[in-house]
Amino acid sequence: MSEKELKIETKKQPSLVSICIITKNEKEKLEKCLKSFQDTGYDIVVVDTGSTDGTREMVKKYTPYLYDFEWVNDFSAARNFAISKVESEYIIMADSDETLKEWDKKTFETRMKEHPKGLGCIRKENLLSDDGKDYTICDEPRVFSKKYYHYEGAIHEQVVPRSNEFPKREYYHTTISFIHTGYIGTDEEKARKIKRNIDLLEAELEKNPEDVYIWFQIGKGYYMGKDYENACKYFGKALEFDVDESLDYVQDLVESYGYSLVNTKQYEMAYSLLQVTYDAFARTADYHFLAGLIYMQNAMFEDAVKEFLLATKNERVCVVGANSYKAFYNIGVIYECLGDKKNARLYYEKCGCYDLAKERLKEV
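Residues numbered from 1 in each chain as written. Predicted model: local features only at pLDDT ≥ 70, side-chain atom pairs only at ≥ 80, totals over all residues. Heavy atoms only, no water.

Asker: Before we go on, may I ask you to explain the overall build of the chain in this structure?
Answerer: If you tally the helices and strands in the chain, you get 15 helices and 10 strands. Structurally, the chain occupies a C-alpha span of about 95 × 45 × 40 Å along its principal axes. Burial statistics for the chain: of 364 residues in total, 47% are counted as buried. Put simply, 63% of the contacts in the chain that link residues at least 6 apart link residues at least 24 apart. With an accessible surface of roughly 19,500 Å², the chain has 48% of that area assigned to carbon and sulfur atoms. Across the chain, 52 positive and 64 negative side-chain charges occur, with their mean positions spaced 4 Å apart. (Helix = DSSP H or I, 4+ residues; strand = E, 2+ residues; numbered from the N terminus. Buried < 20%, exposed > 50% of the residue type's maximum accessible area, 1.4 Å probe, protein only. Contact = heavy atoms within 4.5 Å. Areas by Shrake-Rupley, 256 points an atom, 1.4 Å probe, with all protein chains shown as cover. Lys, Arg positive; Asp, Glu negative; His and termini not counted. Charge placed at Lys NZ, Arg CZ, Asp CG, Glu CD.)

Asker: How should the packing of aromatic side chains be read in this particular structure?
Answerer: How two aromatic rings sit relative to each other is set out by the distance from centre to centre and by the angle between their planes. Going through the model one piece at a time under the given rule, you end up with 24 aromatic pairs. Arranged with centres 5.0 Å apart and planes meeting at 35 degrees, the rings of Phe69 and Phe81 form a pair that is tilted. A residue pair is termed long-range when its members are at least 10 positions apart, and Phe69 in the loop between strand E3 (65-68) and helix H4 (75-84) and Phe81 in helix H4 qualify at 12 residues. Through successive ring pairs, a cluster of aromatic residues spans Tyr213, Phe216, Tyr223, Tyr228, Phe235 and Tyr249. When the ring centre of Trp215 is taken as reference, the NZ or CZ atom of Lys237 above it lies at 5.8 Å. (Phe/Tyr/Trp six-rings, centres within 6.5 Å; stacked < 30°, edge-to-face > 60°. Lys NZ or Arg CZ within 6 Å of the ring centre and 35° of its normal.)

Asker: Whenever I open this one, helix H13 (residues 325-337) confuses me. Can you help?
Answerer: Because the α-helix completes a turn every 3.6 residues, residues three or four places apart line up on one side. A rise of 1.5 Å per residue sets the reference length of H13, with its 13 residues, at 18 Å; its end C-alpha atoms lie 18 Å apart and thus fit the reference within 8%. Of all 13 residues making up H13, 10 are buried, and the element is well covered by its neighbours. Among the residues of H13, those classed as buried are Lys326, Ala327, Phe328, Tyr329, Asn330, Ile331, Gly332, Val333, Ile334 and Tyr335. In the core, the buried residues of H13 are packed alongside helix H11 (285-297), helix H12 (301-312), helix H14 (341-349) and helix H15 (355-361). (Expected span 1.5 Å × (residues − 1).)

Asker: Would you mind going over the pattern of salt bridges with me for this structure?
Answerer: A side chain of one charge can pair with a side chain of the opposite charge when the charged atoms of the two come close. Summed over the entire model, instances satisfying the criterion amount to 22 salt bridges. Two residues, Lys61 and Glu31, come together in a salt bridge whose shortest N-O distance is 3.2 Å. Within this pair, whereas Lys61 is found in the loop between helix H3 (55-59) and E3, its partner Glu31 is found in helix H2 (residues 27-36), the two being separated by 30 residues in sequence. Judged by its relative accessible area of 60%, Lys61 falls in the exposed class. Of the residues examined, Glu31 reaches a relative accessible area of 17% and is grouped as buried. (Salt bridge = Lys/Arg side-chain N within 4 Å of Asp/Glu carboxyl O.)

Asker: Whenever I open this one, the sheet that holds strand E2 (residues 43-48) confuses me. Can you help?
Answerer: Backbone hydrogen bonds are what pair the strands of a sheet, in a parallel or an antiparallel way. Spatially, E3-E2-E1-E4-E7-E6-E10-E5 is the arrangement adopted by the 8 strands of the open sheet, whose pairing is mixed. The sheet is open, and its two borders are formed by E3 and strand E5 (98-102), each paired with just one other strand. Each strand axis lies, on average, 30 degrees off the axis of its neighbour in the sheet, ignoring direction. Here H2 sits on the sheet in contact with strand E1 (17-23), E2, strand E4 (90-95) and E5, set at roughly 30 degrees to E5. (Pairing = 2+ DSSP bridges. Axes fitted to C-alpha atoms, helices over the stretch in contact; angles between N-to-C directions.)

Asker: Before we go on, may I ask you to explain the packing of helix H10 (residues 267-281) against H11 in this structure?
Answerer: Between two packed helices, both the angle of their axes relative to each other and the distance between the axes serve to describe the pair. It is at 10 Å that the axes of H10 and H11 come closest, and there the two elements cross at 145 degrees. Crossing geometry of H10 relative to H11 is assigned as left-handed. Only Tyr287, His288, Ala291, Ile294, Tyr295 and Gln297 of H11 make contact with H10, whose side of the interface consists of Tyr267, Ala270, Tyr271, Leu274, Gln275, Thr277, Tyr278 and Phe281. Residue composition of the contact of H10 with H11, grouped by class: 10 nonpolar, 4 polar and no charged. (Left-handed = near helix turned anticlockwise from the far one by under 90°. Nonpolar A, V, L, I, M, F, W, Y, C, P; charged D, E, K, R; others polar.)

Asker: Looking at this model, I keep getting lost on the environment of Arg142. Mind explaining?
Answerer: Inspection of the secondary structure assignment puts Arg142 in strand E7 (residues 135-145). Looking at Arg142, the relative accessible area reads 6%, which means it is buried. Distance in space between the C-alpha atoms of Arg142 and Ser51 is 24 Å, their sequence separation being 91 residues. If we ignore the near neighbours within four places in the chain, the residues touching Arg142 are Ile91, Ile92, Met93, Ala94, Asp95, Glu98, Gly120, Ile122, Lys124 and Phe178. A distance of 2.8 Å separates a polar atom in the side chain of Arg142 from the backbone oxygen of Met93. (Polar contact = N/O pair within 3.5 Å; in protein donor to acceptor, adjacent residues only side chain to side chain.)

Asker: Explain the side chain of Gln251 to me, please; I cannot follow it from the model alone.
Answerer: Summarising the element assignment, Gln251 is placed in helix H9 (residues 248-263). Gln251 has contacts with Phe281, Arg283, Thr284 and Tyr287, leaving out every residue within four places of it along the chain.

Asker: Could you clarify how one ought to interpret the environment of Lys193 in this entry?
Answerer: Note that Lys193 resides in helix H6 (residues 187-207). Its relative accessible area of 30% is what places Lys193 among the partly exposed residues. Setting aside chain neighbours within four positions, we find Lys193 in contact with Asp97 and Gly182.

Below, the structure is given as structure tokens:
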């Protein structure tokens, strides 16, 4: 029997984990995404929702698992379709404007197996500027077993259990971190994306007018577009409902509402917000930093300094610098305004290489 006849066609065994990505007309970003996952050893499943920019041809260079899905204005439907095409038990959900920054594969797989019904959180850096200096960080549940979870929600979809078998969700950290570039682009591109999201969310709100999460996400859309007046409207409405104070998005809701009030110079209302939320939400550096800003704008300088210092002692932070150089800088500004140049200089020096602080040090 010849060597050729001895060859047997075998089906490739699925990897332990599959990376799922939905995309449309983001060829350049998606290629960076796919390249970043090449060394994981995991299957990559890409679902295209109607690209016309050569995305499909490019994807075939990186994975054979490419599927078409007719867009129905529902992100959960597209994500669940991707999950349905996966043979692996576990899913890592990624977006085409994200790249893998770092991870520890051995630790990741160990933690995943230790929490078979858990939701694994990835650390995401949201770049806000092209130079990478301005960014926020957050943890998002992106790793899960397809047996137990799927997506719900047309936009800003959430991972939810498939049944009521385990209503209390268990979260764990995965050692994975992503870099997200979706907030970088021309003003026109960002405005178009924000409008698309808000339009989809408004349609959802008509069907579910008492869904706090939708009110929050519409507010967040306006907030990202720097339309703080409309952001205040939606955040304020969301807080009229009975909210679960333990949820991370509610923490974000309160903090974003506070920043929107400050940005629209509604300082007294912002102060009132502090009075009713402080005990429940003063648990992050971001909240203490916000409190410092609000006290500062209400000329309550001693309280402002106290809050900025509390921010520097809290490791739970989203806005990078809120628990370090940005807080120290604002303390320096307060002391400089009060004529205390010695303390102003002391706190500016604590800011390290922060450009604004270096500029002030030339003056005090």
